[in-house]
Amino acid sequence: MSDDVNITSIFNNFKQDCRDFLIELFNDFIKTQNIEITKHSKEYLKDADYKDLLKCYIYNMQRLPCGKKAVYYSKEILKSKLYKAFKKKIDNIQKCFEKGSSILPYLSTHSNHLTYNDYMLNDWGIIHLHIHPLDKRTKYNDNFLLFTYVWGNNVFFLDVRNHSNFADKDLLDILDRNWQGLLDGCSLKGIPLSEEIAKQDIISMRKSKIIYPIVVNNKSCTPQIFQETKRMLYAIAIDKILYNLAYAISSCKDKLQEAVIKQGKEDIVNIHITFDRQNSKIICYDSNSSIGFHFENNDELFSDLIDNLKYYGLFPL
């Protein structure tokens with residue numbers, strides 16, 4: 001067997017192992033959040049490759065963030081008459097975040113569709129929550145929304161508005177004014193400021209997946225590139241680490257085979273990895289004999305993979 005075939009074989013194993021891990025994460029996510037996913041979502045989980053699953057999982061973790069969050073209010077929302085009118089309702093949403101309870105009841109009715117395109121979230125990273133939970137929502141009281149932005153273990157309440165405000169660029173201004181630095185990743189330094197874009201044009205470009213610059217507090221930004229790129233680059237980074245790990249381990253496959261034979265086991269090794277979320281570890285093992293291996297020379301690669309998994313919550317911090 002040539003080295004290239006050997007590396008490819010191990011790399012393919014690792015990609016499948018990663019996919020199995022993501023399906024496990026999705027199943028836990030669906031169970032914990034008590035989501036009745038659609039038939040389309042079930043088919044997607046069955047057929048999607050691991051990089052698409054990774055991006056989809058990150059997207060759903062953004063749309064339905066898990067774990068306890070610290071909640072912060074913008075100056076603008078605290079001055080809002082709508083905030084004062086709905087303060088008790090918003091307090092309940094705050095408690096959900098602080099306790100780590102599911103915010104699923106406050107999402108749209110599309111929350112059971114794992115691949116549903118939330119244009120505002122994908123464009124600007126802003127989540128809209130309904131003031132009333134689903135079981136108390138009617139066509140008469142479902143007029144107002146709480147616009148929020150989640151970053152790590154923090155959630156920022158921007159403002160209370162209605163369903164006609166999904167393209168309100170000043171929500172980004174509020175985010176940037178109150179918490180400077182959160183939008184640094186999408187600022188275009190040295191790029192001339194663009195003209196103001198009409199709300200209807202923003203909506204049209206979102207639906208057509210057109211990238212456009214937008215002025216946020218006198219800075220040129222492309223938040224939609226930031227949202228998509230961080231998911232895409234993350235998937236690329238994981239892919240590269242898995243390949244480098246396969247390359248490094250393939251060079252010592254003969255030694256691994258000798259170790260397995262000494263244990264009186266199979267004479268052919270089939271290298272895989274498994275993910276131990278509870279202890280934040282990645283274990284390399286031979287699937288034919290169930291013998292595990294430790295590679296001190298490759299600790300840095302394993303650490304890089306674990307750090308990347310922690311970054312988006314696939315491993316606990």
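Here's what I pulled together on the structure shown here. (Residues numbered from 1 in each chain as written. Predicted model: local features only at pLDDT ≥ 70, side-chain atom pairs only at ≥ 80, totals over all residues. Heavy atoms only, no water.)

**So, the overall build of the protein chain**
And then number 1: In terms of helices and strands, the protein chain carries 12 helices and 9 strands.
And then number 2: Dimensions along the principal axes, computed over C-alpha positions, put the protein chain at roughly 75 × 50 × 30 Å.
And then number 3: Taken over 317 residues, the protein chain has a buried fraction of 48%.
And then number 4: Taking as baseline every contact in the protein chain between residues at least 6 positions apart, the subset at least 24 positions apart corresponds to 65%.
And then number 5: As displayed, the protein chain has an accessible area near 16700 Å², and 50% of this comes from carbon and sulfur atoms. (Helix = DSSP H or I, 4+ residues; strand = E, 2+ residues; numbered from the N terminus. Buried < 20%, exposed > 50% of the residue type's maximum accessible area, 1.4 Å probe, protein only. Contact = heavy atoms within 4.5 Å. Areas by Shrake-Rupley, 256 points an atom, 1.4 Å probe, with all protein chains shown as cover.)

**Some thoughts on the sheet that holds strand E1 (residues 70-73)**
And then number 1: Judged by pairing direction, the sheet is mixed, and its 4 strands sit side by side in the order E1-E4-E3-E2 without closing on themselves. The open sheet is flanked by E1 and strand E2 (126-130), the only strands paired with a single partner. Shown here is a sheet whose adjacent strand axes are inclined to one another by a mean of 35 degrees, direction ignored.
And then number 2: The pairing of E1 with strand E4 (residues 154-162) spans 4 bridges and is classified as parallel. (Pairing = 2+ DSSP bridges. Axes fitted to C-alpha atoms, helices over the stretch in contact; angles between N-to-C directions.)

**Observations concerning the sheet that holds strand E9 (residues 291-293)**
And then number 1: As summarised here, the arrangement of the 3 strands in space is E7-E8-E9, forming an open sheet in which the pairing is antiparallel. Every interior strand has two partners, whereas the edge strands, strand E7 (271-276) and E9, have only one. When the angles between neighbouring strand axes are averaged without regard to direction, this sheet yields 40 degrees.
And then number 2: Where strand E8 (residues 281-286) lies against E9, 3 bridges are found, and the strand directions are antiparallel. Pairing of Cys284 across the sheet is with Phe293, part of E9.
And then number 3: Together, E7 and E8 form the strand contacts of helix H12 (residues 299-311), whose direction differs from that of E8 by roughly 130 degrees.

**Considerations on the pattern of salt bridges**
And then number 1: In total, this model carries 12 salt bridges according to the counting rule given.
And then number 2: Two residues, Glu43 and Lys46, come together in a salt bridge whose shortest N-O distance is 3.5 Å. On the criterion of helical spacing, the pair formed by Glu43 and Lys46 is a turn pair, its members being 3 residues apart in helix H2 (residues 39-47).
And then number 3: On the basis of relative accessibility, which here comes to 56%, the residue Lys46 falls in the exposed class.
And then number 4: Ionic pairing is found between Asp176 and Lys219, a salt bridge with its closest N-O pair at 2.9 Å. (Salt bridge = Lys/Arg side-chain N within 4 Å of Asp/Glu carboxyl O.)

**Section: the packing of aromatic side chains**
And then number 1: One pass over the full model with this rule turns up 11 aromatic pairs.
And then number 2: Taken together, a centroid distance of 5.4 Å and an interplanar angle of 45 degrees make the contact between Phe86 and Phe144 tilted. Taken together, the positions of Phe86 in the loop between helix H5 (81-85) and helix H6 (87-99) and Phe144 in strand E3 (residues 144-151) put the pair 58 residues apart, joining distant regions of the chain.
And then number 3: Exposure remark for Phe144: the relative accessible area of 24% places this residue in the partly exposed category.
And then number 4: In this structure an aromatic cluster arises from ring pairing among Tyr73, Tyr83, Phe97 and Phe157.
And then number 5: When the ring centre of Trp124 is taken as origin, the NZ or CZ atom of Arg206, which lies over that ring, is 4.4 Å away. (Phe/Tyr/Trp six-rings, centres within 6.5 Å; stacked < 30°, edge-to-face > 60°. Lys NZ or Arg CZ within 6 Å of the ring centre and 35° of its normal.)

**A few points about helix H9 (residues 199-207)**
And then number 1: Those residues of H9 that fall on the buried side of the exposure criterion are Ile202, Met205 and Arg206. Buried residues of H9, viewed axially, fall in a sector of 105 degrees; they line one side. For H9, exposure combined with an orientation more than 90 degrees from the buried face picks out Gln200 and Lys207.
And then number 2: Where H9 is buried, its residues touch helix H7 (119-124) and strand E5 (214-216).
And then number 3: Looking one or two residues beyond H9, the residue adopting positive phi is Lys209, at roughly 55 degrees. (Arc of directions from axis to C-beta.)

**Structural notes on a nonpolar patch on the surface**
And then number 1: Taken together, the side chains of Met232, Leu233 and Ile236 present a nonpolar region at the surface, about 260 Å² in accessible area.
And then number 2: On the accessibility criterion, Leu233 (46% relative accessible area) is partly exposed. (Patch = residues over 30% accessible without salt bridge, like charges linked within 9 Å, V, L, I, M, F, W, Y side chains within 5 Å.)

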